[in-house]
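Close look at the chain arrangement
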Amino acid sequence: MDRVFSIAIDGPAGAGKSTMARRAAAELGFVYVDTGAIYRTVGYAALKRGILPEDTEKIDELLPQIRVKLAWKDGVQHMYLDGADVSKKIRLPEVSSMASKVSAIPSVRAFLLDTQRIAAKTNNVIMDGRDIGTVVLPDADVKIYLTASAEVRAKRRFLELQEQGRSDPYEEVLKDMIERDYRDMHRAVAPLKQADDAVLLDTSELSLDESIEAILRIIRERLAL
Ligand code: DC
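As the structure is a computational prediction, the values presented were derived from the model and not from experiment.

So, about the nonpolar core. Note that soluble globular proteins tend to have their nonpolar side chains buried in a common cluster. If you look at the biggest cluster of nonpolar residues, it comprises 34 residues, and the most contacted ones within it are V42, M79, V108 and M127. In terms of residues, this core owes the most to one element, helix α2 (residues 35-48), which gives seven residues. Each residue touching V108, except ones within four places of it in the same chain, is listed here: Y39, V42, I59, L63 and V102. Counting 23 residues, the second largest nonpolar core, distinct from the first, contains A21, A24, I144 and L201.

The ligand sits among 15 residues. The nearest are R40, R109, D131, R180 and R187. Between the ligand and the protein, one listed contact pairs an oxygen atom with a side-chain N or O atom of S103 at 3.3 Å. In the model, an oxygen atom of the ligand is placed 2.9 Å from a nitrogen or oxygen of the R180 side chain. Considering the ligand on its own, with 450 Å² of exposed area, one finds that the protein chains cover 95% of that surface. Taken together, the elements giving at least two residues each to the shell around the ligand come down to α2, α4 (93-102) and α8 (170-186). Looking at the shell around the ligand, the element that brings in the most residues is α2, giving four residues. When its residues are assigned to classes, the shell around the ligand shows three nonpolar, five polar and seven charged.

Conventions and cut-offs
Residues numbered from 1 in each chain as written. Predicted model: local features only at pLDDT ≥ 70, side-chain atom pairs only at ≥ 80, totals over all residues. Heavy atoms only, no water. Core = buried A, V, L, I, M, F, W, Y, C linked by side-chain atoms within 4.5 Å. Buried < 20%, exposed > 50% of the residue type's maximum accessible area, 1.4 Å probe, protein only. Helix = DSSP H or I, 4+ residues; strand = E, 2+ residues; numbered from the N terminus. Contact = heavy atoms within 4.5 Å. Near = heavy atom within 4 Å. Polar contact = N/O pair within 3.5 Å; in protein donor to acceptor, adjacent residues only side chain to side chain. Areas by Shrake-Rupley, 256 points an atom, 1.4 Å probe, with all protein chains shown as cover. Nonpolar A, V, L, I, M, F, W, Y, C, P; charged D, E, K, R; others polar.

See below:
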């Protein structure tokens, strides 16, 4: 089989990873893998059963009881929990917070590792998350650490929520983002950090189009496309 390429994009919440990874994947003909959605699905499963994220024993017990699958429909990734498509439900803010909490539990990370690696085995992928370049795909051909200031990221998320008809105050969105950053960066297992060999891209001062251009430039340079 021909060699497949993998591109890892890591960074904090709201840095625009998914938008840019999706656009870059479409441009390059790669498959986009959203790993946050996989953690969100486990978070959603726990939330649905009323399990508190602090109750790691209950979360450990939950894992062998659930089936988490990802599949692509018309190029769009869908998440399935026990056979049901939960792609929309996992986007609720309460699931964001739960996903960030359960993703700090080592058994959850171990449970989802193979799912992520299998996706990259047979496809050219752009995979985004927190630990893709450091843990999931340490040999990725291109690694990008995508970030922006907390204020810029919160503003983007705030506008996104407004578009969805929600009226969460900006201060709350910012507070939630800072808390999530802290948790994602300070957990004991696979914390969010820039891989030694990742290219840093800060989009605080860039428009969406400029950011996508910058990402494509980095990828094309590295892959010599
Ligand atoms: O990218 P996102 O906001 O959809 O991710 C939701 C949560 O999942 C995030 O707060 C941290 C966790 N996550 C992770 O720990 N590792 C990944 N590779 C992706 C997401």
